[in-house]
Amino acid sequence: ALNKHDTVGIDLVAMSVNDLIVTGATPLFFLDYIAIAKTDKQVLIDIVKGVVDGCLQSQCALLGGETAEMPGMYAPGDYDLAGFAVGVVDKAKILDGSAVRAGDDVIALASSGLHSNGFSLARKIVEDAKIAYDQPVPELGGRAGDALLTPTRIYAKAVKSVLRNYRVKKAVKAMANITGGGIVENIPRVIPKG
């Protein structure tokens, strides 16, 4: 709606990398796929710029990707993004939550916003409140659309630093990427039964 396409590539990388790093893995490389109604050079440049930025933040290589022009499948101006990341972790160092015990501390890292989740609800709230995406909203520190397009924080560098410094002490027993389902559905994935 704001003709801003340079943050969605970061989000694409973040969705894969943030899921990967919670296992203790180090991201190695990323590939993307863009399906678009009709090629728009500037839109594609902006999307790929975001993917490159996301890979830089993740410290992983962008090996390649695919762009498919599909006018019969997508409406003019529409596109779809997909991607995946590959990482590596020694089997003995996989974080699966099995070492979590009652009394362990929980540490949260702040997000940058919605993190590419909950946008169906966010759009409904914006529509119900009759707020235009280009409308300034003081509580959000700018335009509504800019707040919604804040790129997803990529935690790869922070997690890598923590694991490097605390793995010897086995201080990190589990990590959860809080995505769809929020805290209620994601934290239990790394807590052993009982």
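As a reminder, the structure under discussion sits directly above these lines.
Residues numbered from 1 in each chain as written. Predicted model: local features only at pLDDT ≥ 70, side-chain atom pairs only at ≥ 80, totals over all residues. Heavy atoms only, no water.

## Some thoughts on the overall build of the chain
Counted only if it meets this: In this description a helix means any DSSP run of H or I spanning at least four residues, a strand means any run of E spanning at least two, and both kinds are numbered starting from the N terminus. Here, residues are in contact when the closest pair of their heavy atoms is within 4.5 Å. Areas reported as accessible are Shrake-Rupley estimates using a 1.4 Å probe. Residue values count occlusion only from the protein chains shown. In summary, the charge assignment counts Lys and Arg as positive and Asp and Glu as negative, without counting His or the chain termini. Lysine's charge is taken at NZ, arginine's at CZ, aspartate's at CG and glutamate's at CD.
Within the chain, the secondary structure is distributed over six helices and five strands. In terms of overall dimensions, the chain has C-alpha extents of about 50 × 40 × 25 Å along its principal axes. A fraction of 79% describes how many contacts in the chain between residues 6 or more apart in sequence connect residues 24 or more apart. Counting every atom, the chain has about 12000 Å² of accessible surface; 58% of that belongs to carbon and sulfur. Across the chain, the centroid of the 21 positively charged side chains sits 11 Å from that of the 21 negatively charged ones.

## Side note on a nonpolar patch on the surface
So the rule is basically this: The patch calculation keeps residues exceeding 30% relative accessible area without a salt bridge and links them within 9 Å when they carry like charges or within 5 Å when they are nonpolar (Val, Leu, Ile, Met, Phe, Trp, Tyr). For this analysis, a salt bridge means a side-chain nitrogen from Lys or Arg found within 4 Å of a carboxyl oxygen belonging to Asp or Glu. Using a 1.4 Å probe on the protein chains alone, a residue whose accessible area is under 20% of its type maximum counts as buried, one over 50% counts as exposed, and one in between counts as partly exposed.
A contiguous nonpolar surface patch, about 300 Å² in accessible area, is contributed by Val48, Val52, Leu56 and Leu62. The class for valine 48 is partly exposed, based on a relative accessible area of 34%.

## Topic: helix 1 (residues 8–21)
Put simply, the rule reads: A helix is expected to reach a length of 1.5 Å times the quantity of its residues less one. Fitting axes to the seven residues ending at a residue and to the seven starting there, one defines the bend at that residue as the angle between these axes.
In a regular helix each residue adds 1.5 Å, so 14 residues correspond to 20 Å; helix 1 covers 20 Å between its end C-alpha atoms and thus fits that length. At alanine 14, helix 1 is bent by approximately 25 degrees, the largest bend along its length. Counting buried positions over the 14 residues of helix 1 gives twelve, a clear majority of the element. Taken together, the buried positions of helix 1 are occupied by Val8, Gly9, Ile10, Asp11, Leu12, Val13, Ala14, Ser16, Val17, Asn18, Leu20 and Ile21.

## Observations concerning the nonpolar core
Basically, it comes down to this: Residue types Ala, Val, Leu, Ile, Met, Phe, Trp, Tyr and Cys, when buried and joined through side-chain atoms within 4.5 Å, form a set referred to as a nonpolar core.
Val13, Val17, Ile21, Phe30 and Ile154 are the most contacted members of the largest nonpolar core, which has 28 residues in total. Only helix 1, strand 1 (26–36), helix 2 (41–58), strand 3 (79–88) and helix 5 (156–166) provide two or more residues apiece to this core. Broken down by element, this core gets its largest block of residues, eight residues, from helix 1. With near-sequence residues (within four places) excluded, isoleucine 21 lies in contact with Pro27, Tyr155, Ala156, Val159 and Met175.

## What about the pattern of salt bridges?
Applying the stated rule across the entire model yields five salt bridges. A salt bridge links lysine 4 to aspartate 6, with the nearest nitrogen and oxygen atoms 3.1 Å apart. Given a relative accessible area of 23%, aspartate 6 falls into the partly exposed group. As a salt-bridge pair, lysine 49 and aspartate 53 come within 2.9 Å of each other at their nearest N and O atoms. Linking lysine 49 with aspartate 53, this pair stays in helix 2, spanning four residues, or about one helical turn. Note on lysine 49: relative accessible area 43%, which makes it partly exposed. Here aspartate 53 falls in the partly exposed class, since its relative accessible area comes to 24%.

## Examining the environment of tyrosine 133
Residue position: tyrosine 133 is located in the loop between helix 3 (119–128) and strand 4 (136–137). Each C-alpha atom of the pair tyrosine 133 and alanine 144 lies 5.0 Å from the other, and the pair is eleven residues apart in sequence. Dropping the residues within four chain positions of it, tyrosine 133 is found in contact with Ala1, Leu2, Arg123, Val126, Arg143, Ala144, Gly145 and Leu148.

## Comments concerning the state of the cysteines
Test applied: When two cysteine sulfur atoms lie within 2.5 Å, the pair is treated as a disulfide.
What the rule picks out here adds up to zero disulfides. Cysteine 55 carries a free sulfur, and the closest cysteine sulfur to it, the one in cysteine 60, is 4.1 Å from it. Residue classification places cysteine 55 among the buried positions, given a relative accessible area of 3%. The exposure class of cysteine 60 is buried, given its relative accessible area of 10%.

Geometric descriptors of this kind do not, in isolation, establish any biological role.
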